[in-house]
Amino acid sequence: MARAAVSRRLTWRAATVVAARWETPSARTLVLDVPEWPGHLAGQHLDIRLTAEDGYQAQRSYSIASAWPGDGPVEISVQRLEDGEVSPYLTDVVEPGDRIEVRGPVGGWFVWRDTATAPVLLLAGGSGVVPLMAMIRARSLAGGRQPFRLIYSVRTPEDALYAGELRRRGREDAGLDVRFVWTRRAPDDWPHPPKRIDVATVNTYGWPPDLQPDCFVCGPTTFVETAADMLVALGHDPKRIRTERFGGA
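Worth saying up front: this structure is predicted, and the values here are computed from it rather than measured.

Focus: the sheet that holds strand 7 (residues 120–125)
Then step 1. Pairing within the open sheet is parallel, and its 5 strands lie in the order 9-8-7-10-11. Both edges of this open sheet fall to strand 9 (176–182) and strand 11 (241–246), since each of them pairs with a single strand only. Between one strand axis and the next, the sheet turns by 10 degrees as a mean value, whatever way the strands run.
Then step 2. By the bridge criterion, 6 bridges tie strand 7 to strand 8 (residues 148–154) in an arrangement that is parallel.

A word on the packing of helix 2 (residues 129–142) against helix 3 (residues 163–172)
Then step 1. Closest axis-to-axis distance for the helix 2/helix 3 pair is 12 Å, and the angle between their directions is 40 degrees. Of the possible angle classes, the one that applies to helix 2 and helix 3 is oblique. At the point where helix 2 passes helix 3, the crossing takes the left-handed sense. Across the interface between the two elements, Met133, Ile136, Arg137 and Ser140 from helix 2 touch Glu165, Leu166 and Arg169 from helix 3.
Then step 2. Among the residues making up the contact of helix 2 with helix 3, the classes are represented as 3 nonpolar, 1 polar and 3 charged.

Digging into helix 5 (residues 221–233)
Then step 1. Across its 13 residues, helix 5 extends 18 Å between first and last C-alpha, which sits within 8% of the 18 Å expected from 1.5 Å per residue.
Then step 2. Along helix 5, the residues classified as buried are Thr221, Phe223, Val224, Ala227, Ala228, Met230 and Leu231.
Then step 3. Looking at the buried side of helix 5, the elements it contacts are strand 7, strand 8, helix 4 (199–205), strand 10 (214–220) and strand 11.

Topic: the pairing of strand 6 (residues 99–106)
Then step 1. As judged from the 5 bridges shared by strand 1 (residues 12–24) and strand 6, these two strands associate in the antiparallel manner. Within the sheet, the bridge partner assigned to Arg13 lies in strand 6 and is Val102.
Then step 2. Where strand 3 (residues 45–51) meets strand 6, 4 bridges bridge the pair, whose relative direction is antiparallel. Of the residues in strand 6, the one forming a bridge with Asp47 is Arg103.

Rules and cut-offs
- Numbers given for residues are sequential positions, taken from 1 along each chain in its written order.
- Local features in a predicted model are, by the rule used here, given only for residues with pLDDT of at least 70; side-chain atom pairs are given and counted only at 80 or more, and totals for whole chains, interfaces and linings are based on all residues.
- Remark: hydrogens and water are excluded; side-chain values derive from all non-hydrogen atoms of the structure.
- Here, a strand pair is defined by DSSP locating no fewer than two bridges between the strands.
- The way it works is that DSSP assigns letters per residue, a run of H or I at least four long becomes a helix, a run of E at least two long becomes a strand, and they are numbered from the N terminus.
- Where helices are involved, their axes are fitted lines through C-alpha atoms of the stretch in contact, as for all axes, and angles between N-to-C directions lie from 0 to 180°.
- Oblique is the label for any angle not under 35 degrees, not over 145, and not in the 65 to 115 range, which are roughly parallel, roughly antiparallel and roughly perpendicular in turn.
- By the definition used in this description, the sense in which the near helix is turned from the far one sets the handedness, with an anticlockwise turn below a right angle giving left-handed and a clockwise turn giving right-handed.
- Contacts are residue-level and defined by heavy atoms, with any inter-residue pair within 4.5 Å sufficient.
- Under the scheme applied here, ten amino acids are nonpolar (Ala, Val, Leu, Ile, Met, Phe, Trp, Tyr, Cys and Pro), four are charged (Asp, Glu, Lys and Arg), and all others, including Gly, are polar.
- Expected helix span is given by 1.5 Å per residue-to-residue step, counting one fewer step than there are residues.
- Remark: exposure states derive from per-residue accessible area (1.4 Å probe, protein chains only) relative to the maximum for the residue type, with buried under 20%, exposed over 50%, and partly exposed in between.

Right under this line is the structure:
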């Protein structure tokens, strides 16, 4: 079902919010019941459209956080932008029982399929971890044995989405390695000072290029461009590097 979602015609659907939970003080996960949802691939996104009483509409795209669910709910994680039109409503106003318009799934390039056999390197900046989390969850759901490594660059421990789940999965799954890179403030017991992701970080905690890993990079534009350049400089095949970016620098 999920594999057919890439080419399915997109239509707007009235989804019901069935649950909501805070991931960080400024990021919230919404669990959506979407009628006739066709399934999706890990890495795809959906569109949300809000309509005001005067008819004004605002539309934004959000990565899907859940693994392909079949007939189950769809999850998105929304990072609040203080000057945003849509994200403050989704984080601070929407409650279970409310209905919102959604369209999707969208995208067929930045996706991971459980039929792939190559090692996977995931590079996330801030809320760019959302579609990469879907890939981690999808691998677990499928019982995959492809080795995954995630390097997650985030400002502070309080800003890290899914931190508890990532640590748990990293402990319980020998095929998943998770490395946090704190850019502004690290935990008190962290052995390294805060810093931005650099070539040494990717070289140390990523896969060597001779293993021909599939690389997925997601985050703000500057992060994505910098991380992709690092991968190329380290010798990774550009054809195996897939990027997804959002917002400004």
